[in-house]
Amino acid sequence: MFLYRSCMVEESGTLESQLEATKRKHQEIRAMRSQLKKIEDLGAAMEEALILDNKYTEHSTVGLAQQWDQLDQLGMRMQHNLEQQIQARNTTGVTEEALKEFSMMFKHFDKDKSGRLNHQEFKSCLRSLGYDLPMVEEGEPDPEFENILDIVDPNRDGHVSLQEYMAFMISRETENVKSSEEIESAFRALSTEQKPYVTKEELYQNLTREQADYCISHMKPYMDSKGRELPSAYDYVEFTRSLFVN
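Report on the accompanying structure. Position numbers for residues count from 1 along each chain, tracking the sequence in the order it is written. Two thresholds apply to this predicted model, a pLDDT of at least 70 for residue-level local features and 80 or more for giving and counting side-chain atom pairs, whereas whole-chain, interface and lining totals are computed over all residues. Note that the side-chain values use all heavy atoms of the structure and ignore hydrogens as well as water.

## Notes on helix H6 (residues 119–128)
The criterion, for reference: Residue exposure (1.4 Å probe, protein chains only): buried if accessible area is under 20% of the type maximum, exposed if over 50%, otherwise partly exposed. Comment: elements are numbered from the N terminus, with helices defined as DSSP H or I runs of at least four residues and strands as E runs of at least two. Here the arc refers to the directions that run from the helix axis out to each C-beta atom. Polar contact is the term for a pair of N or O atoms within 3.5 Å; when the atoms are in protein, one must be able to donate a hydrogen and the other to accept it, and sequence-neighboring residues count only if both atoms are side-chain atoms.
Regarding H6, the residues found buried are His119, Phe122, Lys123, Cys125 and Leu126. Projection of H6 onto a plane perpendicular to its axis shows the buried side chains occupying an angular sector of 160 degrees, all on one side. Of the residues that open H6, the one with a side-chain oxygen 3.1 Å from the backbone nitrogen of glutamine 120 is asparagine 118. Positive phi shows up at glycine 130, right after H6, with a value of about 105 degrees.

In structure tokens:
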């Protein structure tokens, strides 16, 4: 059971290949239901014969049935999650690289391969992704993190599933993509003939001095297709996208 759970949670490759592999594993789990039925029938027969102890196994039929149900539910959740990621990649502008990073970080903190994180693991995961969450003493209020939990775990069951986590990260990344595109479009409007770079003169003509100074100190020089640096030209595309890295 643990092997199947690990295989589903640790799949790698493209989103489509992960989805196909997860479907295959889930089908194998569904096919095992008939074997579980045989075990349950044998267990019932042993109870009728008043054989209540079995020195050959530590597992019970009830425990095995519960594990099978958990695996079946995990398989369905994993498929839905991967379909969700594919849809996000295709429709929102969230890159597959970003989705893989989110998924990889979740798997890193999901030590028991359960497909969910407790609140402390979730907080550590967010910090690893670049979220600047304040350090608070145990028992002290943590309003910033609580606001996030209001989204991903509103009923406070103590855990964040992979599906809930990915929905949250996709939502935040989608907001970043939209904001990035809006700011990039604003810089493009400043640039003569909507070039992929903006000049020092254009920045000072259209922004306040403080804003232009900030842009010039943080933007990289623009390099043309041959790797040549254009004088007084700045790469607003790279600058804008760097602002929204988590």
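So, next bit.
## Quick look at the side chain of threonine 22
Its location among the elements puts threonine 22 in helix H2 (residues 15–31). Residue threonine 22 is classed as buried on the basis of its relative accessible area of 1%. Within the structure, threonine 22 has its side chain in polar contact with the backbone oxygen of glutamine 18 (distance 2.8 Å).

## Here we look at the side chain of threonine 240
Short version of the rule: The contact criterion used throughout is that any non-hydrogen atoms of two residues lie within 4.5 Å.
If you trace the backbone, threonine 240 turns up in helix H11 (residues 236–243). Discounting residues that sit within four places of it in the chain, threonine 240 has contacts with Ser180, Ile183, Glu184 and Phe187.

## Quick word on the packing of aromatic side chains
Rule in force here: Between the rings of Phe, Tyr and Trp (Trp by its six-membered ring), a pair exists once the centres lie within 6.5 Å; its type follows the angle of the planes, with under 30 degrees stacked, over 60 edge-to-face, and the other angles tilted.
Applying the stated rule across the entire model yields 9 aromatic pairs. With 5.8 Å between their ring centres and 20 degrees between their planes, phenylalanine 187 and tyrosine 236 make a pair best called stacked. Within this pair, whereas phenylalanine 187 is found in helix H8 (residues 162–190), its partner tyrosine 236 is found in helix H11, the two being separated by 49 residues in sequence. Tyrosine 236 carries the same exposure label as phenylalanine 187, and that label is buried.

## With respect to the environment of threonine 95
Within the secondary structure layout, threonine 95 lies in the loop between helix H4 (61–91) and helix H5 (96–109). Threonine 95 sits in the partly exposed class, given a relative accessible area of 38%. Taking C-alpha positions, threonine 95 is 9.7 Å from glutamine 85, a pair spaced 10 residues apart along the chain. Of note is the side chain of threonine 95, whose polar atom sits 3.0 Å from the backbone nitrogen of alanine 98.

## Things to note about unusual backbone geometry
Phi is positive for lysine 113, close to 55 degrees, though the residue is something other than glycine. Secondary-structure assignment places lysine 113 in the loop between H5 and strand S1 (116–118). Residue classification places lysine 113 among the buried residues on the basis of a relative accessible area of 16%. A positive phi angle, close to 50 degrees, is found at arginine 156, a residue other than glycine. For arginine 156, the position within the fold is in the loop between helix H7 (143–152) and strand S2 (159–161). Here arginine 156 falls in the partly exposed class, since its relative accessible area comes to 31%.

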